[in-house]
Amino acid sequence: MLNSIRSKQFVIIGAIAVLIAFLFTRDIKGLVKPKEETSKVPAGGQMSSSTAAPEPINLDEVSTSAKNTMNASLAAEITSLENKYKGAAEDEKTATAKLLAQKWDDVEQTIPSALYLEIVANKEQTLNNWLITGDRFLKAFDNTRDSLMLPALLQKANSAFSNAVKLDSTSNDAKTGLGITIVNGMGMPMQGIAMLMDVVKKDPKNLKANMSLGTFAIKSGQFDKAIIRFKDIIAIKPTPDAYFYLGTAYENLGKNTEAIEAYLNSKKLAANATLSKFIDDKVAELKSKN
């Protein structure tokens, strides 16, 4: 019996991990992912900075891979910009790197975009540049399906936010980003939680920090705390992902009626066909248990 319960818990947490990875920095889109991706989010501390350094990311390789997924004219436009960047004098490279970062972001290729933002931030070391770079690396971390790339992306996000904190130790955005990377594996999870709690204490309506604390509560099985957290978030700003997580927490506590209501609110706000199908199936499953 005990083994069965534990197995069920592992399945639940694994499924939630996929959702957390996918929803962490954006609205719900294309929610359902293949089962083999359930291992993409590490347990807290798994990517600790004390472990062996991850393989470096090769900008030329990720660029080539990304261009293979787009039409020839767009790929040629980016290649032309890249050649301009490579041939530019050192004092002219930054401007072209900014263009490339924006161009890659426009086509939703977050990894090369983040790498060019990192180049810009290293040349122009401002708080805003490091915050943007960290956010883009976190987005890349959330979106990538390449498990071998995850440690490097998370480490780069951690480095960017660490640089931001060095420039301004009072910045809630910098501390939030750094806390998120720690919770996701760049150190002891409770260190990151403490950092996020400090942000929320000073800024109770900080949605990013609250969302991170709420998702961590779900990942760690603290569903009662997650419910409180997501109710607070919804009171500030109702979003489809907040309602979805609230439904997940209720479901794991066996509160199916409340879970159904939360899931349906998520469906209503998201207005996404894939999510709607997923929630319809989930609601039918929960209703059958009542």
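Residues numbered from 1 in each chain as written. Predicted model: local features only at pLDDT ≥ 70, side-chain atom pairs only at ≥ 80, totals over all residues. Heavy atoms only, no water.

It is worth spelling out helix H12 (residues 240-252) at this point. With 13 residues, H12 ought to run about 18 Å at 1.5 Å a step, and its terminal C-alpha atoms sit 18 Å apart, in line with that. Burial analysis of H12 places twelve of its 13 residues in the buried class, the great majority of the element. Of the residues making up H12, those classed as buried are Pro240, Asp241, Ala242, Tyr243, Phe244, Tyr245, Leu246, Gly247, Thr248, Ala249, Tyr250 and Glu251. Positioned one or two residues after H12, glycine 254 has a phi angle of 80°, which is positive. (Helix = DSSP H or I, 4+ residues; strand = E, 2+ residues; numbered from the N terminus. Expected span 1.5 Å × (residues − 1). Buried < 20%, exposed > 50% of the residue type's maximum accessible area, 1.4 Å probe, protein only.)

Quick look at the environment of leucine 81 now. Take leucine 81: it is sitting in helix H3 (residues 72-87). Distance from leucine 81 to threonine 96, taken between C-alpha atoms, is 7.1 Å for residues 15 residues apart in sequence. Discounting chain neighbours no more than four positions away, the residues touching leucine 81 are Thr96, Leu99, Leu100 and Lys103. (Contact = heavy atoms within 4.5 Å.)

Evaluation of the coordinates by the stated rule reveals 15 salt bridges. Between lysine 67 and glutamate 82 there is a salt bridge, and its shortest N-O distance comes to 2.7 Å. Within this pair, whereas lysine 67 is found in helix H2 (residues 59-67), its partner glutamate 82 is found in helix H3, the two being separated by 15 residues in sequence. A single burial state applies to lysine 67 and to glutamate 82, both of which are buried. Notably, a salt bridge pairs lysine 123 with glutamate 90, separated by 3.3 Å at the nearest N-O pair. Taken together, the positions of lysine 123 in helix H5 (residues 110-123) and glutamate 90 in helix H4 (residues 90-106) put the pair 33 residues apart, joining distant regions of the chain. We classify lysine 123 as partly exposed; its relative accessible area is 48%. (Salt bridge = Lys/Arg side-chain N within 4 Å of Asp/Glu carboxyl O.)

Let's shift gears to the packing of aromatic side chains. Each aromatic ring pair is summarised here by two numbers: the centre-to-centre distance and the angle between the ring planes. Applying the stated criterion across every chain yields a total of four aromatic pairs. Their ring planes at 25° and their centres at 5.2 Å tell us that phenylalanine 230 and tyrosine 245 sit as a pair that is stacked. Of this pair, phenylalanine 230 sits in helix H11 (residues 223-236) while tyrosine 245 sits in helix H12; the two residues are 15 residues apart in sequence, bridging distant segments of the chain. Each of the two residues, phenylalanine 230 as well as tyrosine 245, counts as buried. Among the aromatic side chains, those forming a connected cluster through ring pairs are Phe244, Tyr263 and Phe278. Sitting over the face of the ring of tyrosine 85, lysine 93 holds its NZ or CZ atom 4.5 Å from the ring centroid. (Phe/Tyr/Trp six-rings, centres within 6.5 Å; stacked < 30°, edge-to-face > 60°. Lys NZ or Arg CZ within 6 Å of the ring centre and 35° of its normal.)

Formed by 49 residues in total, the largest nonpolar core has its most connected members in Ile57, Ile111, Tyr116 and Leu153. It is helix H7 (residues 150-167) that contributes the most residues to this core, eight residues altogether. Dropping the residues within four chain positions of it, isoleucine 111 is found in contact with Ile57, Val62, Ala140, Thr144, Met149 and Leu153. (Core = buried A, V, L, I, M, F, W, Y, C linked by side-chain atoms within 4.5 Å.)

Below, the discussion takes up the confidence of the model for the protein chain. Averaged over every residue, the pLDDT of the protein chain is 85; the share at 70 or more is 82%. For the stretch residues 1-18, pLDDT sits under 50, and the model shows 14 contacts to residues farther than four places along the chain or on other chains. (pLDDT = per-residue confidence, 0-100.)

A few words on unusual backbone geometry. With a phi close to 60°, glutamate 108 is a non-glycine residue in the positive phi region. As for its position among the elements, glutamate 108 is in the loop between H4 and H5. Judged by relative accessible area, glutamate 108 falls into the exposed class, the value being 65%. Residue alanine 271 is not a glycine yet carries a positive backbone phi of 50°. The exposure class of alanine 271 is exposed, given its relative accessible area of 67%.

With that out of the way, let us pick up the packing of helix H13 (residues 256-270) against helix H14 (residues 273-289). Where H13 contacts H14, the axes come no closer than 10 Å and their chain directions differ by 165°. By the angle class used here, H13 and H14 are roughly antiparallel. Considering the relative orientation of H13 and H14, their crossing is left-handed. Two secondary-structure elements touch here, H13 through Asn256, Ala259, Ile260, Tyr263, Leu264, Ser266, Lys267 and Ala270 and H14 through Leu275, Ser276, Ile279, Asp280, Lys282, Val283, Leu286, Lys287 and Lys289. Residue composition of the contact of H13 with H14, grouped by class: nine nonpolar, three polar and five charged. (Axes fitted to C-alpha atoms, helices over the stretch in contact; angles between N-to-C directions. Parallel < 35°, antiparallel > 145°, perpendicular 65-115°, else oblique. Left-handed = near helix turned anticlockwise from the far one by under 90°. Nonpolar A, V, L, I, M, F, W, Y, C, P; charged D, E, K, R; others polar.)

The next point concerns the environment of isoleucine 78. Within the secondary structure, isoleucine 78 is located in helix H3. Sequence separation between isoleucine 78 and leucine 99 is 21 residues; the distance between their C-alpha atoms is 9.6 Å. Apart from residues no more than four positions distant in its own chain, isoleucine 78 is found in contact with Lys67, Met70, Leu100, Lys103 and Trp104.

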